[in-house]
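Residue-level listing of the chains:
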2 protein chains.
Amino acid sequence: MSNYVGQNIPRNDGWDKATGKGMFTHDVKVPGMLYAAVLRSPYAHARIISIDTKEAELLSGVYAVATYKNTTRKLFSTSAAMVTTAPGAEPVLDQQIFPEVVRYIGDEVAAVAATTEKIAREALKLIKVEYEILPAVYDPIEAMKDGATQVQPIISKGNNICGGPIEFGMGDFSKGWNEGEVFSEITVTLPRVKQAQLETHAALASYSNGYLEVTCTSQTPHPTKMMLAYIFDMPESKVKVENPPYVGGGFGVRIGISGKAEPIAAQLSMLAHKPVKYVYTREEDFLASDTRHGGYITSRLAAKKDGTFVALDTKAVLNTGAYATFGVELLGVTGACGTAGTYRIPNIHYLGYPVYTNQQTAGAFRGFGTPQGTMAVETAVDDIAKQLNMDPVELRKMNTTKTGDSWWFPFPVGSTDLNKCIDAAAESIGWKEKRGIKQVGNIRHGVGIAAGTHVSNASPFCVDYNVIYLRIEGDGTLHVASGIPEIGAGSTTGLLQIAADVVGVPFETIHLEFGSTASSPFDIGSHATRTLYTVGHIITLVGKELKEEILSWTADFINNNRSYMESNPKIECQKFSFSGWPTVDVNSLNMNEGIIYGENIEIPLSIIAYEAHIRGKQFIASKCEVPSNSPPWHAHAAEVEVDMETGMIRVLKIAAAHDIGKAINPILVEGQIEGGVAMGVGYAIREEMTYEEEKGFYNKGYHKYMLPTIDMMPEMDTILLESNDPIGPFGAKGIGECGLIPTAPAIVSAVEDAIGIRFYEIPMTPERVLKKIKEVYGTDK
Amino acid sequence: MSNYVGQNIPRNDGWDKATGKGMFTHDVKVPGMLYAAVLRSPYAHARIISIDTKEAELLSGVYAVATYKNTTRKLFSTSAAMVTTAPGAEPVLDQQIFPEVVRYIGDEVAAVAATTEKIAREALKLIKVEYEILPAVYDPIEAMKDGATQVQPIISKGNNICGGPIEFGMGDFSKGWNEGEVFSEITVTLPRVKQAQLETHAALASYSNGYLEVTCTSQTPHPTKMMLAYIFDMPESKVKVENPPYVGGGFGVRIGISGKAEPIAAQLSMLAHKPVKYVYTREEDFLASDTRHGGYITSRLAAKKDGTFVALDTKAVLNTGAYATFGVELLGVTGACGTAGTYRIPNIHYLGYPVYTNQQTAGAFRGFGTPQGTMAVETAVDDIAKQLNMDPVELRKMNTTKTGDSWWFPFPVGSTDLNKCIDAAAESIGWKEKRGIKQVGNIRHGVGIAAGTHVSNASPFCVDYNVIYLRIEGDGTLHVASGIPEIGAGSTTGLLQIAADVVGVPFETIHLEFGSTASSPFDIGSHATRTLYTVGHIITLVGKELKEEILSWTADFINNNRSYMESNPKIECQKFSFSGWPTVDVNSLNMNEGIIYGENIEIPLSIIAYEAHIRGKQFIASKCEVPSNSPPWHAHAAEVEVDMETGMIRVLKIAAAHDIGKAINPILVEGQIEGGVAMGVGYAIREEMTYEEEKGFYNKGYHKYMLPTIDMMPEMDTILLESNDPIGPFGAKGIGECGLIPTAPAIVSAVEDAIGIRFYEIPMTPERVLKKIKEVYGTDK
C-alpha cells in the first residue's frame, strides 16, 4: 500500500518555522542561566606562557573562568569520527577544550560564564595571557616538506600528515596506464569554503549531581552525547543531548560537536554550578569551526582511443587545518566516491594526504570530500574528450559504472540510472544545439556537463545504525521515536510517510519524537545523505513487525472475545458489522489507513488499541540494522554566460538530473537538490575563505564571505529518475548532498565551452576569469 | 546477586532538591509564555444566564478569554479512571472545562491568558456573569433522599448516586449473622481532608501545529496525555505530557489531571497561539481540587463467643462532591481493602454509595478509601473485644487473614506477616504494661492498636501496566526509560537498585529517564502503592532478558573474534587476560557490577558494549506485564495522653510495624511510613475541611487548614518485617499509602484506653473531645 510515499506532503516543521514558533538553540532560555564568552588566540601558533584570570574572576556577575589550568586535559576530536569509526579504525584525538599550545588564530584560550553576555565579554578583557609565538605553516604542500613546522608534533605521523595517508587501489594502475592511448594529467586547486549555516553554533549545558544535559545545534545528538561522556569521563547514560528541537542548518559542520560549543558550555556549567549558554557570534562561527577542505588534487586518467577509460590515479593533498576532525575519513571518501565511483575504470589508484596547518580546521561539509574528487576527475574526463574530439556526453555514458558492476564497495552496484541522468540533463540544457558553438562578442554562452555519485549512508566508512522504536498509543495512533535531528532537510516528514504506509495508519495520526537522546535509542545522526535512506529502512523493518504483532493480537482477541466484541458499545457506534464473523485467520488480515480488514471484517485500529490498552498490552517494536549502501547518481548540465570585459560569470540554468531511486516526497527531494545547486554555484564562481598571514581569515561573516544571492541563482530544472533501488526503503536512495557535487564541474565545463578557457582553480571569480582572459586573448578579444 | 537491593542508597533526587536546582512546574518558564487566571463560581449551584467577556478581551496584554462559549463541550473526568478502567467498566464522564451549570463554590467559569498574572487577574474582574441561582445540597445522606436537588441530573443514577452503588459479598452474610453470638454495629463519621501537597497544581501548555505539549504536576503523565487527547479530540500521539521532572507531592490529588490545570492551560494555548502557564493559588488548590471523601460508614460485625468473626456488613455513604472523579472506584476499594481485607471473615457484604453534593470534588488521596473502611471495621473489632473482654491484640491475631487464604482477590493471599506486625507493634508500645491501666488525673495515658492491609498495585481494580525499556549505552552503562513520575517517594532511586542487581551493572552508571510521555512507553503512573512493586517487577523481567542478550552476544562475539580480541588495544590496557580462553559457553557466563565473567574469563561490559556499538548492535529490551497484586500488611500501636481540661490529645508514640515483603531501600521505606503516620495523626486529631453554607469551605490554605506541625509529631518506631513475597520484585510489596491507614484507628483506640470514651467521629479536636468528656464525666472528672 502506498498512500503517502511519493506524495508532496507538506513538511511537519513548516508551520512552526513559518510562524516563528519553532524553537532553536538560540531561543532557549532556562531559569538561572549564565552566558558564556570565549577568549581566542590572536596567534596562528603559540605557547601560553602564563595566564592570569584573577581580575576576571573578581568582576561582579562572573561565575566561572575556564582555562587549561582548571579544566579537563582529555584529548578528543570534535568530529563524530571519535565514536563512530568502524571496527579496527582509530580516531585521531588531537583536541582539548583549552589547549596550552594554540594552533590557529581563533583557537580557544579561556572562557567565562557570567550573568550577562556583556559581563562575560568584559571579563575576557581582564584575562592576562603571555604567549611564546611559534613559527606557523599555512599551505599543505609547504607543511609536508621536510623541516616544516610541526603543527601536532606528538600526534601527526610525520610531515604534518594527520592520519593515513589513505591509499587504495583496484586492478593494477601501472599496467592500466601502459595500456592507455590518450592521457590526461591535471591538477585542480580548491578553495576552503564555509557552510555558512543560518544558526551559529550554540549550546546550553546544565550539569548537576553527576548528570549533564545539553541542548545544542548538533546534527548528531547521540554521537555528541558519547563524545561529551568521553571528554568528561562520565557514564554515557548520564549525559543527555538534544535539539530544542530545530537546528538552523547543518551541512556537516556539526556532525559531532558544534565547534566546541557543547564542551565549553558543559565545562563552564560544571565550574559555575549553573546552566550556561554559549552562542557563537557570527565571527566565531566563521573563524572557529570546520570548513570544507581546500587543497590540491592531481588526477591522471588514461583511455583507449575509442574512449574507454583504462586507468585513473589521483593524489589529493588537502588542508585539514590545526586539528584533524574528519580529515582522515574525508580523504577516504574523496577517493572512493569522488574519484572511483562514477566511472567503470578497471585500474585505479588513490593516495590522499590530510595535512595539518596552522589554520582553522577543515572537516565535514555537504559532499564530504566527494565534490573535491569529482572536480578533479570530471576535469580529466573533459580533457580526454577534448583530446579525442568526442562528445563529453557520449564519452561519459560509455564509461559510467553500470548496475551489477563490482567496484570499491564490498558489494556490486545495486542500481544506476546514471546514463538516463546524463541524457536528461543534456536534453534539458539543449546540449545538441548549444554545445561547441563558437562564441564571439562580449557576452559568450556555453554549456557543460558533469556526472557524479555519492553515498546513501556512511557504511562501511563508519558505524551507521539507527535504532527505531514504534509504539501504538491507546487510541491506535502511532508514536515513532528516533534520535535523528531535523536540520532542515525534511526527514521528519518523509520518514513518517514511510511509517504511515508500512504500518498502515493515517499520516496525520503519527508523531515523530526526534532530536533527543532521552527519548530515543541510538541514532548516528543526520549526515552522509543517510537519514531518509537508513532510518527509512529501519522503519520499514520495525513497522512490518509492529503491524504483524497488531494483526496477530487482533485475530486472537476477536476469536476469544466474540460476544464481548459483539456487544461492545464502542463498536456499535461505529459503522462496522460484526455479526456472522468466521474464526479470524491472522493471515487474512491486513491494515490500511488505521482500519484492520479481512474477509467480512472491518474494524478500526483505535478499537483494537483501546481493548489492548485496558488489558495491559502495548504494541511496541524496536530494531536496528544497517542497510547496504546504495549510492545515488546524478548529472548536471549548466548553461553560463561570461562577460569578457568584467570576467563575470552568470549561471543561466542548471539541469539537475538525479537517480534518487524513489522520491518519497518529491518536493522535498527537489528542495534538497536546489539547495545543493545553490551551494555548488557558490563553490564554482564565488565562495572562498581568504587567509591573510598574521591576521587570519578575512571572511568574518556574511558581509565578507560571498555567498551567492538570489539574483545569482540560475533557472533550475530538477529531474527525478526513479530506478527503484532494490535495497532502499520503497526503492529510495539518499539525496541530501548530491545537488552540490556535479554543479561546479558542470559550470567549469560550460565556461570552457563559452570562452575556450579551462579553469583548474575555483572559484572562478571575475578577477581570476579576467586575468585568464587577458592571458589567453590579450587585450584584443 | 544483591549489591544494591536492601541498601540505604542516598536518593537520586536528593542533591537537586537540597540545592534548589530541581525543577518543578512552578519553576518552568519558556520564551513567549503567557499567564493564566481563572474566574470561579461564587455559588454552590447556579446556571450561567449570560457571560460577557468583551471588556476583558480588550484589556491590553490579554491574549485569550475562555468560557463555555468558545471551548470544547466534551464531557470528561479529571480522574485517571477515565482511561484506566478495567475491561467492561465505564468511567463517569461528568465534567467540562467550563460548565454552563456551576456545581460548587469554586467551579470554573472562565479563564484568561495574559502577558502577566496581574493583567490576567485584572481581566477576570472585567468579565460580567449573570447567574440563575439553583438550590444546593451538601450532605450525602440529604442528597440521597427523594426530592433532593439533583447535582448531575443527566448523569447520576438517581438520588445523586454517581455510579454503582458498589456492592459485593462473600459467603452469605445473613446466614453468618445468624451464627453470631456477639454483635457490634457502629457508624463512623469521617471528615473531608485535603492532601495539602507543597506544590500547588500547575501546568504549562503549548499548542502548535496540531501538537500539544504540557509540562505539569501530574502524577500520571501517560494517562494525563490520553485524557487531554480525549478532551480535545486529538490523536494521543500528538500530545506530550511531562513533569519538569519533579512534582512537589502527589498524595493522589493529581492521578489524572491536576485539578483542571492541564486542560485549562491547553485550551488557553489553543486560543492564544502561545504557551500558557497556569499555576493554582494556594486557595484555588485547597478549594478547587479533589479531597479525601468524607461521609458515613456503618459496620455490623458478628463473632462467636470465642472471638471468631463470622459476618461483616458495611454500608458506606461518601460525599463525592460535584463531580465523580474517582468516586466509584474508591468506594470499591473502601469495601475490598478497607473492610474485607484484614480479617478472615467467611460472610461479608458491602454496599457503597458515592453521592453527589454541591461541594468540591472528593477523589484520590493516599489510602484511596481504605482509611475510611479501616476506621469503621477497627472500631467494630475493638467493640467486640470490649464485649468479650478480650485483649484486642489477641482478638485481632486470631482473626487475621492468613497466607494461602482465599479472599476477594481472584487469587489467594500470597504472604502475610500481619500477626508478627501486631506483636511487634504491641511489644514496641509496651502493650502488656500500659493497656487497660485505669487513668485518673488531668493528663491520662492510653495505648491502642489497629491493623490493616491495602494493595501493591491497582490491579484488578483498573488497568495497571508499565512498559519499561532498557538499553545499554556504547560504554556499557544502562539507560532505563519509564513514564513514572517522582512525586517524592524515592521510586526513582529504588527502581535503579533493582535494575543494578538484575542486570548486573554498577548503580552509579544507570540513568533513569522518567516523568515524560515522550521518552517512555506507557506507564500508569505513581499511585496505588504500586510504583516500586509493579515497575520493579517489569524491570526484573526486562533486565533478565537484557542480561541474557548481552551474555549471548558476548559468547558469540568472543568465539568469532578471538584474534581481534586478543590484540585489541582497548583490552590490553585492562587487567584482564584473554590468552588460553576456551570456546565460551554462554551458559557459563554471568555479569555483576559491569563485569562479564565465566570460567577463566573476566571482561568489562564497557568493552563488549563498545564492540557491539561499532558493529551496529544495540542491546535493548522492552516488555510489559502486570504482576498479581500482593497486598502489604500493617499494624500500628499508638500511645496518647489526653488533657481532661482542654480536650487536647497528644500522640506520644506510634509503633508502626509493616510487612513490606522486602525493603529495597530501608530508609526510603521508613520515610514513606513516617510520612503516612504524620498524615494519620492529622486525620485522627486535627485536620478537616469545614463547610460554611453560602461561603464554601473555610479552609483556604495552610493558615486555616490545621496540618499537624513538627511539635505534634509522635516518637515513631518503624518496624520492617520482610515476608519475602513470592510475587514482588526481590520479594517486595508496596508501602506508599500504608503508613496512614491504621494510624487514626490506633489513636482512637488509645484515646478510649486513656479516657474510656470511644470516638465515632474524627478528627478528635479539643472541642469535640472536651464536649464528650463533659457529657460523660460531667464537670467533675
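Residues numbered from 1 in each chain as written. Chains lettered and ligands numbered in written order. Predicted model: local features only at pLDDT ≥ 70, side-chain atom pairs only at ≥ 80, totals over all residues. Heavy atoms only, no water.

Draft legend 1. Broad picture of the overall build of chain A. Of the regular secondary structure elements, chain A holds 22 helices and 28 strands. Taking 781 residues into account, the globule formula puts the C-alpha radius of gyration at 28 Å, and chain A, at 28 Å, falls close to it. Dimensions of chain A, computed from C-alpha atoms along their principal axes, come out at roughly 95 × 75 × 45 Å. Counting every position in chain A, which comprises 781 residues, the buried fraction comes to 66%. Look at the contacts in chain A between residues 6 or more apart in sequence, and 81% of them connect residues 24 or more apart. Looking at charge distribution, chain A has the averaged site of its 69 positive side-chain charges lying 3 Å from that of its 90 negative ones. (Helix = DSSP H or I, 4+ residues; strand = E, 2+ residues; numbered from the N terminus. Rg over C-alpha atoms; globule rule 2.2 N^0.38 Å. Buried < 20%, exposed > 50% of the residue type's maximum accessible area, 1.4 Å probe, protein only. Contact = heavy atoms within 4.5 Å. Lys, Arg positive; Asp, Glu negative; His and termini not counted. Charge placed at Lys NZ, Arg CZ, Asp CG, Glu CD.)

Draft legend 2. Up close: the relation of the copies chain A and chain B. Least-squares fitting of chain A to chain B yields an RMSD of 0.0 Å, with the transformation described by 0.0 Å of translation along the axis and a rotation of 180°. Both copies are brought into coincidence by an operation consistent with a two-fold rotation axis. Looking at the rotation axis and the C-alpha trace of chain A, the residue lying nearest is serine 519 of chain A, at 1.9 Å. A shared binding surface is used by both copies, with 100% of the interface residues of chain A retained as interface residues in chain B. (Least-squares fit on C-alpha atoms with pLDDT ≥ 70 in both.)

Draft legend 3. Spatial organisation of the interface of chain A and chain B. The interface is formed by 60 residues belonging to chain A together with 60 residues belonging to chain B. Buried area between chain A and chain B, both sides added, is near 4,700 Å², and the carbon and sulfur share of it is 51%. For the pair chain A and chain B, the interface holds two salt bridges. The residue glutamate 473 of chain A makes a salt bridge to lysine 225 of chain B at a minimum N-O spacing of 2.7 Å. Summed over the shared surface of chain A and chain B, the result is 35 residue pairs in polar contact (both at pLDDT 80 or more). At the level of secondary structure, the elements contributing two or more residues to the side of chain A that touches chain B comprise α1 (14-19), β9 (202-208), α7 (221-231), β17 (467-472), β18 (478-481), β19 (510-513), α19 (605-613) and β23 (620-624) of chain A. (Buried area = accessible area lost by both parts, 1.4 Å probe. Salt bridge = Lys/Arg side-chain N within 4 Å of Asp/Glu carboxyl O. Polar contact = N/O pair within 3.5 Å; in protein donor to acceptor, adjacent residues only side chain to side chain.)

Draft legend 4. A look at α19 of chain A. Burial within α19 of chain A is extensive, with eight of its nine residues counted as buried. Buried within α19 of chain A we find Leu605, Ile607, Ile608, Ala609, Tyr610, Glu611, Ala612 and His613 of chain A.

Draft legend 5. Inspection of the nonpolar core at higher detail. Residues Leu212 of chain A together with Leu212 of chain B are the most contacted members of the largest nonpolar core, which totals 132 residues. Counting 124 residues, the second-largest nonpolar core is a separate cluster that includes Ala81, Val182, Ala340 and Ile384 of chain A. (Core = buried A, V, L, I, M, F, W, Y, C linked by side-chain atoms within 4.5 Å.)

Draft legend 6. Just the packing of helix α11 (residues 370-388) of chain B against helix α21 (residues 743-755) of chain B, in detail. Residue and element names in this part refer to chain B. Orientation of α11 relative to α21, taken along the N-to-C sense of each, is 35°, at an axis distance of 9 Å. When the axes of α11 and α21 are compared, the crossing they make is right-handed. Only Ala744, Pro745, Val748, Ser749 and Glu752 of α21 make contact with α11, whose side of the interface consists of Thr374, Met375, Glu378, Asp382 and Lys386. When the residues that make up the contact of α11 with α21 are grouped by side-chain class, the tally is four nonpolar, two polar and four charged. (Axes fitted to C-alpha atoms, helices over the stretch in contact; angles between N-to-C directions. Left-handed = near helix turned anticlockwise from the far one by under 90°. Nonpolar A, V, L, I, M, F, W, Y, C, P; charged D, E, K, R; others polar.)

Draft legend 7. Spotlight on the sheet that holds strand β8 (residues 182-190) of chain A. Residue and element names in this part refer to chain A. Reading across the sheet, the five strands line up as β7-β15-β14-β13-β8 and stay open at both edges, with mixed pairing between neighbours. Each end of this open sheet is capped by a strand with a single partner; those strands are β7 (166-170) and β8. Shown here is a sheet whose adjacent strand axes are inclined to one another by a mean of 5°, direction ignored. Strand direction decides the pairing type here: β8 and strand β13 (residues 294-303), joined by nine bridges, are antiparallel. Bridging across to β13, valine 182 finds its partner in alanine 303. With respect to the sheet, helix α10 (residues 327-339) is in contact with β7, β13, β14 (309-321) and β15 (347-356), its orientation differing from that of β15 by roughly 155°. Packing of helix α11 (residues 370-388) onto the sheet brings it into contact with β8, β13 and β14, and relative to β8 it is tilted by some 145°. (Pairing = 2+ DSSP bridges.)

Draft legend 8. Seen up close, unusual backbone geometry. With an omega of 15°, the peptide bond between proline 244 of chain A and proline 245 of chain A qualifies as cis. Along the chain, proline 245 of chain A falls in the loop between β11 (239-242) and α8 (261-272). Going from serine 459 of chain B to proline 460 of chain B, the amide bond is cis rather than trans, its omega being 0°. Among the secondary structure elements, proline 460 of chain B is positioned in the loop between β16 (443-453) and β17 (467-472). Phi is positive for aspartate 233 of chain B, which is not a glycine, with a value near 55°. As for its placement among the helices and strands, aspartate 233 of chain B is situated in the loop between α7 (221-231) and β11 (239-242). Taking the relative accessible area as the measure of exposure, aspartate 233 of chain B reaches 60% and is therefore exposed. Positioned with a positive phi, phenylalanine 730 of chain B is a non-glycine residue whose angle comes to about 55°. Along the chain, the position of phenylalanine 730 of chain B falls in the loop between β28 (715-721) and α21.

Draft legend 9. Highlighting the sheet that holds β16 of chain B. Residues and elements named next belong to chain B. Spatial ordering of the open sheet is given by β16-β24-β25-β28, a layout of four strands whose pairing is mixed. Two strands bound the open sheet, and with one partner strand each, they are β16 and β28. Strand-to-strand twist across the sheet, computed as the mean angle between neighbouring axes with direction ignored, equals 10°. Of the pairings in the sheet, the one linking strand β25 (residues 649-659) to β28 comprises seven bridges and is parallel in character. Paired with aspartate 659 across the strands is leucine 721, a residue of β28. Its contacts with the sheet put α21 on β16, β24 (633-643) and β25, and the angle it makes with β16 is roughly 150°.

Draft legend 10. Representation of α8 of chain A within the structure. Residue and element names in this part refer to chain A. Taking 1.5 Å as the rise per residue, α8 with 12 residues should run 16 Å; its terminal C-alpha atoms sit 16 Å apart, in good agreement. Summarising burial for α8: 11 of the 12 residues are buried, a large majority. Those residues of α8 that fall on the buried side of the exposure criterion are Ala261, Glu262, Pro263, Ile264, Ala265, Ala266, Gln267, Leu268, Ser269, Met270 and Ala272. Just downstream of α8, histidine 273 is the residue with a positive phi angle, here 55°. (Expected span 1.5 Å × (residues − 1).)

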